[in-house]
Protein chains: 8
Amino acid sequence: MNEEFLIKLLQDIKDENISIEEAVENLRELPYQDLGFAKIDNHRQLRQGYPEVIYCAGKTPNQVAEIVKAMCARGSNVIGTRANNEMYAHVKNICKEAVYHEDCKMITVKNQPIDMTQSYIVIATGGTSDIPVAEEAAITAEMLGNKVERVYDVGVAGIHRLFHKLEIITGAKVVVAVAGMEGALASILGGLVSKPVLAVPTSVGYGASFGGLAALLSMLNSCASGTAVLNIDNGFGAGYMASMINKL
Amino acid sequence: MNEEFLIKLLQDIKDENISIEEAVENLRELPYQDLGFAKIDNHRQLRQGYPEVIYCAGKTPNQVAEIVKAMCARGSNVIGTRANNEMYAHVKNICKEAVYHEDCKMITVKNQPIDMTQSYIVIATGGTSDIPVAEEAAITAEMLGNKVERVYDVGVAGIHRLFHKLEIITGAKVVVAVAGMEGALASILGGLVSKPVLAVPTSVGYGASFGGLAALLSMLNSCASGTAVLNIDNGFGAGYMASMINKL
Amino acid sequence: MNEEFLIKLLQDIKDENISIEEAVENLRELPYQDLGFAKIDNHRQLRQGYPEVIYCAGKTPNQVAEIVKAMCARGSNVIGTRANNEMYAHVKNICKEAVYHEDCKMITVKNQPIDMTQSYIVIATGGTSDIPVAEEAAITAEMLGNKVERVYDVGVAGIHRLFHKLEIITGAKVVVAVAGMEGALASILGGLVSKPVLAVPTSVGYGASFGGLAALLSMLNSCASGTAVLNIDNGFGAGYMASMINKL
Amino acid sequence: MNEEFLIKLLQDIKDENISIEEAVENLRELPYQDLGFAKIDNHRQLRQGYPEVIYCAGKTPNQVAEIVKAMCARGSNVIGTRANNEMYAHVKNICKEAVYHEDCKMITVKNQPIDMTQSYIVIATGGTSDIPVAEEAAITAEMLGNKVERVYDVGVAGIHRLFHKLEIITGAKVVVAVAGMEGALASILGGLVSKPVLAVPTSVGYGASFGGLAALLSMLNSCASGTAVLNIDNGFGAGYMASMINKL
Amino acid sequence: MNEEFLIKLLQDIKDENISIEEAVENLRELPYQDLGFAKIDNHRQLRQGYPEVIYCAGKTPNQVAEIVKAMCARGSNVIGTRANNEMYAHVKNICKEAVYHEDCKMITVKNQPIDMTQSYIVIATGGTSDIPVAEEAAITAEMLGNKVERVYDVGVAGIHRLFHKLEIITGAKVVVAVAGMEGALASILGGLVSKPVLAVPTSVGYGASFGGLAALLSMLNSCASGTAVLNIDNGFGAGYMASMINKL
Amino acid sequence: MNEEFLIKLLQDIKDENISIEEAVENLRELPYQDLGFAKIDNHRQLRQGYPEVIYCAGKTPNQVAEIVKAMCARGSNVIGTRANNEMYAHVKNICKEAVYHEDCKMITVKNQPIDMTQSYIVIATGGTSDIPVAEEAAITAEMLGNKVERVYDVGVAGIHRLFHKLEIITGAKVVVAVAGMEGALASILGGLVSKPVLAVPTSVGYGASFGGLAALLSMLNSCASGTAVLNIDNGFGAGYMASMINKL
Amino acid sequence: MNEEFLIKLLQDIKDENISIEEAVENLRELPYQDLGFAKIDNHRQLRQGYPEVIYCAGKTPNQVAEIVKAMCARGSNVIGTRANNEMYAHVKNICKEAVYHEDCKMITVKNQPIDMTQSYIVIATGGTSDIPVAEEAAITAEMLGNKVERVYDVGVAGIHRLFHKLEIITGAKVVVAVAGMEGALASILGGLVSKPVLAVPTSVGYGASFGGLAALLSMLNSCASGTAVLNIDNGFGAGYMASMINKL
Amino acid sequence: MNEEFLIKLLQDIKDENISIEEAVENLRELPYQDLGFAKIDNHRQLRQGYPEVIYCAGKTPNQVAEIVKAMCARGSNVIGTRANNEMYAHVKNICKEAVYHEDCKMITVKNQPIDMTQSYIVIATGGTSDIPVAEEAAITAEMLGNKVERVYDVGVAGIHRLFHKLEIITGAKVVVAVAGMEGALASILGGLVSKPVLAVPTSVGYGASFGGLAALLSMLNSCASGTAVLNIDNGFGAGYMASMINKL
């Protein structure tokens, strides 16, 4: 529930477009809407400026679709992460505007126009295989109204590729470094730029990568100041936090 | 083997409804019944007040069905956990009353009426994805004769949803907190209520959740007193222990 | 080497206060000054706006003192972390203005005045035992010119203490959450405020805390958006990154 | 702040023993008392029935003594865990009644009489080396008003010792099983008794005990229903939760 | 290559049944037979008294069949572990006598009669789900000529089932304890019997069982003397070592 | 981009075979060629003497094929690791010469003749199941122009097989030891030969092998000097480094 | 309580050397003697053939001395492991015959003559630093009446040292392999000898040895059949189990 | 025992300077010299070209001194690693020429002149705190006759310091990269130079560095080809292997 929705509702009462009873019905769900299996946090947009985001993994396709339906009914934009094709099919049935981003397993619905920032976020990856996580970050940030610059495949194995893109990177207000394997990209960027770096370890790798643990520990121990770390493969979290910082 | 069964057997002897030989045959299996691959603990209901529960994972569908059959033959109620569809099909063949709870993978058979408690157990979850584990706890507790109140999707990301349900939570005799990811729900509840909190970490999450390890460690280190922890995804254990406490 | 130092040097040449040879001698060390065992990154202040920070652990007291001496000679402010009493004694010998912060094991020297920000950083702790890490963050941020508000001992075991301080917390531009044990403070703050939260797990705890691992994993898996995580006990890193964000 | 203290305060106002101003001064600290480095949760006794407990580790001796002083001033009983001799010396200086339990590193002060329960808690250990953790549980439970029966050194290496004590164990309302190494005691007790078993792994052992990890995992995976687990060496938590259950 | 084979070969030379050249051809492979992808250790039976055992996992079905073929050609009995159905199909094609034990994934071929011991090995399991690992141990031991007694499903959740079988257990020369979850069976048996106990942790369990790690650590830390531990799910290794001990 | 390609290009300009514009177009991609999702490091062959190698895992089949296409267009030899059948099908479509090595999941294309070394690399395995990793090393080394001797299935369970091959092993310039399970082969070879040993742990094994962790730790702790370790299953890395050493 | 003690007691009654009352007093402690903090398992010698062994770590010096005193009073031989100098001083005070083995931290008292076996146990170490653990095994085995042959410092870094001792090793009835670092000694011995090998990982090493974890995992994954593993540094357990096997 | 020693011995026999008996006495210890607690591998110098190196940790000072004495008696150069001051005092007593390198805890004795190589090894560190490990590598390499160039404190936090030294680094025949924290130095060097890189993780760091685990995993997962990894803090191993490669 965003502010426009709330203002319009109150205006409608004043204008006698809707009855007090109808308004009460609507406002009853201001703090959250109870679907039984889920309690949608309608208050979040007022409290934090962003709508609730749906973490789809572990939910049934029906549950995902019901939550999308309820959010659309309130005019919210929708971001769903870690959604599979079956979930999308259910969502598509009740919301034709829903888009599925297959590479990063996201569902988005734009029910309202989005104002974009002037300043931008750089999202960089160490390799091509890290792109799905980077895209989760990029699309999240864009849905939240941020200009994004993608700088992909600039890992330390061929570091001249990174230096070649240095100008665009240093021009950002905040940088997201997405890398698997040893995750050295975060330290390199942290040492080169004077802006906050959000480091996202990915599960790209094998053997002693232990599902991204190597990159995670590497990034947590970065000798370069000015970096903070997200969960493994948590592109969404990086996009969300980068948006928070970019909008300060 | 429950007390009623035992009393009736002895009465039947006294009334000469059955011969001594038949009674001996029946009593031979009082401590346990040997199926070769399994030794059903018939004594447990006398010793602990509850029948043995079948852990189905790793057993063949035939083994599961044979155990159910033997328990039904003695009139016990049956609880089977971590059962798949194929196991259920085998069970259904030999016991028409068997019910399959698909979301939490349980098989139950009610061969005897169940007395329900006045006091109740609250089972709360952090999110929607934690519901299957919570349902395992809830159905276990209900099969053991406890009134259960479900309070789902009240995690700390939108903590006002939890406060909204505080009255029903504080009215419980024991609280089960089911949560994945960082599992903070257990600490919040431990700090707010004056009743024992049983914390169940779930494997909901990804990356550095490490299959529920993050929630497990978080709950074990809760700074709030009055919480104890079950194995990851062990809804059954929580329901069982909550029942023990609720019936004190 | 800060900008003022550089401008004055060039002006001195122009004013013929120093010879070209002397200037070259000075500028030779513009990128870094080589002490043999260490290469002081004089260029950092120009590149990143902050001087190099000395990580004292693992260095000999003499090495620490030599680095401080070289930095003071260039007029830089000095921040040294993880310093013990013996290191401080050596530093004090060559620099009378050096201050030792015993609780957080830091050495600081103010050779230049520090401009303070209007906006402020909140640094919160779960308990009293987390204060040393929080102080490392606070003093770092203050040395870098940031106004800091300390909100200590507001962990989830008695959450009303946190709500009591909510106004000062929500007024911050960025929040640092320092907590050991299960580290739930970060999730609570992430769910309540609309500003970036930097989560610092501490090694406070015992047993399955595994030296801070429990809090670390908990914070990485936070279900609240808008948090990013630092290394265990890394107060310095949090203060540094908070400063970067606060100055955007 | 307990109920008696509150009732007396209000009565004093009514009887005009103290002025309104004095009462306000007292009530200002009803929710918590702010010592700067600590916020004592005075509200806890009203909310949960027990006073706040001091986790001494990581606090300075002065901080511990100040907190004890403030609690004594309000007439609360005091429990401090993980206190060393130096902390006790500081506490003793400001509170002559303070007692130090050296084996389990606890400080206790009885400022009010304690009513004891009829029902009792059994606290059992696998070996002699587990006694310090067991004593932490026992003294905590006794300070909270519970009758305690100690059954020490009854581990599975000589299981007849356990069977010899079975009567006293099965008579308890709740059982605490304290064991290191492989921690099998919890499973044995869980299989034998029909009461809730709180399992406390200890760090007793070496090598692949990994500081208690072996016992912790063992207890979490107990095949016996009716057990829940506390943190490694967390005798206090077990005593506290056992008290909660014993008083139901 | 067993002794009979060798004796017969030498006798054939003496009797001029085969030429020197043929004998050399045969003896060339006495130490090992080189198949390119594998070097079959023909010398093992002479050196250790048992033929080489085929670890099938990770080999192609063709490789498994080729090795079996070469061993059969030399008259050895064959034991193959961790074989799947496809491997068996390939083996069956070249050796009609091959038997597949589906529950424990073993292939066996008896090309020579097996003398059985008088003394026997007890193989006990905690639960029904541990049977496949126990069967791997049992069949291995039987193929190596040992009498085996199976005592299944006697875990600590219902310990009277174990005591009921105590006579048969204490009569063994060596005991194999196979258990998952918390693996307490090994400690119980170690404390009760005066014979060597070989403990085999299984991967039966979930959550904090971590694939058998909990049982493994539990068994390694057994407080009962006289136990040694095999790898998780290593029934073969236990059967092999039990045979070694049983035949002393 | 190799030196021949570069020389020919410059010669073509001189000979006026191509225009300056065409040459510029070609040279624009000298440092790297940007495909959007990937930046092919054309400079590597000049910098390191070897072309870039494609890590196929995590890339889409289309991305793999596009990279191969771009490399072939420049006349480079191509090495792709961890490729599946679908990727190969896409590559085959655009490059008929591509070869798929199914056992080690590699794609290779020889666009240029390869000079082979006189000195050779020994690649040894502990067992047959380690061969796929060994083949990845062998084919990599051969594509880079090294003579390779394969010595497979010589693990410590039958150590005479290793001694039988000692002459060929000690004749190598560098030895690659590929082994799973306990990985003792590396220590044995390190103790026997006077040449550098590159140890490659494999994920062959089960249970407490933990995906190759046991072999990895074993090799890192080798008591024999002169060994260094690669990532688990990293045959490619071993082949590449062995080539570097063999060509010194 | 050994058989001789029991026979003599009964004989004394018969001979009227002691009264029935005195005999009862003595027999009251047949199953165990309760010292409050410890329950000495007097029954063990009858049940298992060996007296209880004192695990001294974590006990107070007084507790250790009291247990030794009680055991000596019954005429048992005494084995105490992991004892420090202070414990020994207390023991020496009450038992002049007590011997302290400083290198392996054991206390022994011989109150009865010990019959030695004809067959012998070989105890081998990888290096000199493993000797303390090996000595714990050796002295335990000797106290239990076994002939022991020590073969120290024969690790795989110079494997000819091992082959030089092969005759004495292969003559043993059971072999104990004690090794740290990568623990390859166990696999080598397992592959060479046809007797059971008990593998004891030690904490000798550093870095990725992780306190003996590397050697432990290595030994658990041994590709050689006929080995079983003890806890890290558990020389006592190996000596005890070797004795059990040696006496079969 | 080096070749010169052997040749001189044989010449002495020929020249009748020593009797056959004396020569036999000397040659008896050709394979190894048995000190009881240690078997010095005299054969190693013939087999591998380098004398045995003493790993001092875990040995008594007396044992270390005895081994040094025996090696000096044979004219070997001596390298002892991880030696403390007390060990050095014992060694100094029996060998005046012994040198103690306090920063890296090494003892060296030069009994023979050392020929130095023309080509050189670069040993680089990320920070000043990594120097002790680097010095262990450097002194080992120098004792084995290699020219060494030290390039210290060139970590990625200020990467221009590394580029400034690039010429000296690329001129090496083999590079040793020593780094703690996130260990990114190895990847950077691996990407920049065309020579083998030996990566040594150090335990420098805190928190989630987990004693060097972070750097170890990072280096094992390096995305740059041409790197292999040593154990944490294993400077000796790196120096030894670098020497092997440098001398090819």
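None of these values were measured; they are calculated from a predicted model.

As a further point, take the interface of chain B and chain A. Facing the 19 residues of chain B at the interface are 25 residues of chain A. Of the roughly 1,700 Å² buried between chain B and chain A, counting both surfaces, carbon and sulfur atoms make up 54%. Our count for the contact surface shared by chain B and chain A stands at 0 salt bridges. Broken down by element, the side of chain B that touches chain A gets its largest block of residues, 3 residues, from helix α7 (residues 160-164) of chain B. Its residues assigned to classes, the side of chain B that touches chain A comprises 9 nonpolar, 7 polar and 3 charged.

Quick look at the relation of the copies chain A and chain C now. Each copy of the sequence occupies a distinct position, and chain A is placed on chain C by a rotation of 180 degrees and an axial shift of 0.0 Å, giving an RMSD of 0.0 Å. Here the symmetry operator amounts to a two-fold rotation axis. Considering only C-alpha atoms, the residue of chain A closest to the rotation axis is V229 of chain A, which sits at 2.4 Å. Here 100% of the contact residues of chain A are again contact residues in chain C; the copies associate through an equivalent surface.

Take the UniProt feature "domain: PurE" (unreviewed entry) in chain A next. Here the UniProt-annotated "domain: PurE" (unreviewed entry) positions come out as residues 119-248 of chain A. Taken end to end, residues 119-248 of chain A comprises 40% helix and 19% strand; its first and last C-alpha atoms sit 10 Å apart.

Before going further, it helps to examine the pairing of strand β9 (residues 174-179) of chain F. Residue and element names in this part refer to chain F. Counting buried residues along β9, 6 of its 6 residues qualify, which places the element largely inside the surrounding structure. Alternating residues of β9 divide into V174, V176 and V178 and V175, A177 and A179, and every residue in both groups is buried. In the sheet, strand β7 (residues 120-125) pairs with β9 via 5 bridges, with the strands oriented parallel. Bridging across to β9, A124 finds its partner in A177. Looking at chain direction, β9 and strand β10 (residues 197-201) are connected through 5 bridges and run parallel. Across the sheet, residue A177 finds its bridge partner in β10, namely A199. With respect to chirality, the unit in which β9 leads through helix α9 (residues 184-192) into the neighbouring parallel β10 is right-handed.

This next bit is on the packing of aromatic side chains. Evaluated as defined, the whole model comprises 28 aromatic pairs over all chains. Seen in terms of ring centroids, F163 of chain D and F163 of chain E are 5.7 Å apart; in terms of plane orientation they differ by 70 degrees. Their pairing is edge-to-face. Of this pair, F163 of chain D sits in helix α7 (residues 160-164) while F163 of chain E is found in helix α7 (residues 160-164), placing the two residues in two different chains. Using a relative accessible area of 29% as the deciding quantity, one classes F163 of chain D as partly exposed. Taking 5.0 Å as the distance between ring centres and 20 degrees as the angle between the ring planes, the aromatic pair formed by Y88 of chain H and Y100 of chain H counts as stacked. Of this pair, Y88 of chain H sits in helix α5 (residues 85-94) while Y100 of chain H sits in strand β5 (residues 99-101); the two residues are 12 residues apart in sequence, bridging distant segments of the chain. Exposure remark for Y88 of chain H: the relative accessible area of 17% places this residue in the buried category.

Looking now at unusual backbone geometry. Even without a glycine there, the phi angle at D153 of chain E is positive, about 65 degrees. Summarising the element assignment, D153 of chain E is placed in the loop between β8 (147-151) and α7. Judged by relative accessible area, D153 of chain E falls into the buried class, the value being 8%. In the Ramachandran plot, D233 of chain F falls in the positive-phi region, its phi being about 65 degrees despite a non-glycine side chain. When you line up the elements, D233 of chain F lands in the loop between β11 (227-229) and α11 (235-246).

On the chain C side, the residues contacting the 28 residues of chain A number 28 residues. Across the chain A to chain C interface the summed buried area is about 2,500 Å²; carbon plus sulfur atoms make up 65%. When the buried area of chain A at its contact with chain C is split by residue, L220, M241 and L248 of chain A rank highest and sum to 24% of it. At the junction of chain A with chain C, the criterion picks out 0 salt bridges. Remark: the boundary between chain A and chain C carries 3 residue pairs in polar contact (both at pLDDT 80 or more).

All names here are of chain A. Contact pair helix α6 (residues 131-143) / helix α11 (residues 235-246): the axes reach a minimum separation of 7 Å and the direction vectors enclose 35 degrees. Crossing angle aside, the handedness with which α6 passes α11 is right-handed. The residues of α11 that touch α6, namely those facing V133, E136, A137, T140 and A141, are G235, F236, G239 and Y240. Partitioned by chemical class, the residues of the contact of α6 with α11 number 5 nonpolar, 3 polar and 1 charged.

Looking at the element boundaries, G191 of chain B is found in helix α9 (residues 184-192). For the pair formed by G191 of chain B and G226 of chain B, sequence separation is 35 residues and the distance between their alpha carbons is 8.4 Å.

Time to look at the pairing of strand β6 (residues 106-109) of chain E. All names here are of chain E. Burial along β6 is two-sided: the face carrying M106 and T108 and the face carrying I107 and V109 are both buried. Pairing of strand β5 (residues 99-101) with β6 involves 3 bridges; the strand directions are antiparallel. Within the sheet, the bridge partner assigned to H101 lies in β6 and is M106. In sequence, β5 turns back onto β6 through a hairpin of 4 residues, with K105 there showing a positive phi of about 60 degrees.

Turning our attention to the pattern of salt bridges. Enumeration according to the criterion identifies 32 salt bridges over all chains in this entry. For E135 of chain A, the salt bridge identified is with R150 of chain A, shortest N-O distance 2.7 Å. One end of the pair, E135 of chain A, is in helix α6; the other, R150 of chain A, is in strand β8 (residues 147-151), and 15 residues separate them in sequence. Looking at R150 of chain A, the relative accessible area reads 34%, which means it is partly exposed. Residue D34 of chain G pairs with K39 of chain G through a salt bridge whose shortest N-O separation is 3.7 Å. On the basis of relative accessible area, D34 of chain G is assigned to the partly exposed category, the value being 38%.

Turning our attention to the side chain of S222 of chain D. Locating S222 of chain D in the fold gives a position in the loop between α10 (213-220) and β11 (227-229). Classification of S222 of chain D as buried rests on a relative accessible area of 14%. In terms of polar contacts, S222 of chain D uses its side chain to reach the backbone amide nitrogen of A224 of chain D, at 3.2 Å. When residues no more than four places from it in sequence are discounted, the contact partners of S222 of chain D are S187 and T227 of chain D together with E182 of chain E.

Moving on, we get to α11 of chain A. Between its first and last C-alpha atoms α11 of chain A spans 16 Å; for 12 residues at 1.5 Å apiece the expected length is 16 Å, and the two agree. Judged by how many residues are buried, α11 of chain A sits mostly within the fold: 12 of 12 residues are covered.

What follows deals with the state of the cysteines. Evaluated as defined, the whole model comprises 0 disulfides over all chains. Note on C56 of chain C: no disulfide assigned, nearest cysteine sulfur contributed by C104 of chain C at a separation of 12 Å. A residue is classified by how much of its surface remains accessible, and C56 of chain C, at 1% relative accessible area, is buried. Among the cysteines around C95 of chain H, which has no disulfide bond, C72 of chain H carries the closest sulfur, lying 4.0 Å off.

Once that is clear, we can look at the sheet that holds strand β3 (residues 54-55) of chain C. Residues and elements named next belong to chain C. One open sheet accounts for 4 strands, arranged β3-β4-β6-β5; its pairing is mixed. Strand pairing shows two members of the sheet lacking a second neighbour, β3 and β5 (99-101), which therefore form its edges. Against the sheet, helix α6 (residues 131-143) makes contact with β4 (78-81), β5 and β6 (106-109), and its axis sits at roughly 15 degrees relative to β6, the strand it touches most.

A few words on the sheet that holds strand β5 (residues 99-101) of chain G. Residues and elements named next belong to chain G. What the 4 strands build is an open sheet, ordered β3-β4-β6-β5; its pairing is mixed. Only two strands of the sheet have a single partner each, and these edge strands are β3 (54-55) and β5. Lying over the sheet, helix α6 (residues 131-143) contacts β4 (78-81), β5 and β6 (106-109), oriented at roughly 15 degrees with respect to β6.

Here the focus is the side chain of T81 of chain E. Residue and element names in this part refer to chain E. Relative to the elements of secondary structure, T81 occurs in strand β4 (residues 78-81). Take T81: its relative accessible area is 5%, and that puts it in the buried class. When neighbours within four sequence positions are excluded, T81 is seen to be in contact with V53, I54, Y55, C56, A57, K105, M106, E136 and F236.

Residue and element names in this part refer to chain A. Partitioning chain A into domains gives domain 1 (31-109) and domain 2 (120-246). Averaged C-alpha coordinates put domain 1 and domain 2 at centres separated by 26 Å. Listed per partner, the contact involves 14 residues of domain 1 and 12 residues of domain 2. Put simply, domain 1 and domain 2 have 0 salt bridges between them.

Cut-off values and rules
- Residues numbered from 1 in each chain as written.
- Chains lettered and ligands numbered in written order.
- Predicted model: local features only at pLDDT ≥ 70, side-chain atom pairs only at ≥ 80, totals over all residues.
- Heavy atoms only, no water.
- Contact = heavy atoms within 4.5 Å.
- Buried area = accessible area lost by both parts, 1.4 Å probe.
- Salt bridge = Lys/Arg side-chain N within 4 Å of Asp/Glu carboxyl O.
- Helix = DSSP H or I, 4+ residues; strand = E, 2+ residues; numbered from the N terminus.
- Nonpolar A, V, L, I, M, F, W, Y, C, P; charged D, E, K, R; others polar.
- Least-squares fit on C-alpha atoms with pLDDT ≥ 70 in both.
- UniProt positions renumbered as here; feature names shortened; annotations may be inferred.
- Buried < 20%, exposed > 50% of the residue type's maximum accessible area, 1.4 Å probe, protein only.
- Pairing = 2+ DSSP bridges.
- Right-handed = clockwise from strand over helix to strand, strands pointing away.
- Phe/Tyr/Trp six-rings, centres within 6.5 Å; stacked < 30°, edge-to-face > 60°.
- Polar contact = N/O pair within 3.5 Å; in protein donor to acceptor, adjacent residues only side chain to side chain.
- Axes fitted to C-alpha atoms, helices over the stretch in contact; angles between N-to-C directions.
- Left-handed = near helix turned anticlockwise from the far one by under 90°.
- Expected span 1.5 Å × (residues − 1).
- Disulfide = S-S within 2.5 Å.
- Domains from an automatic or database assignment.

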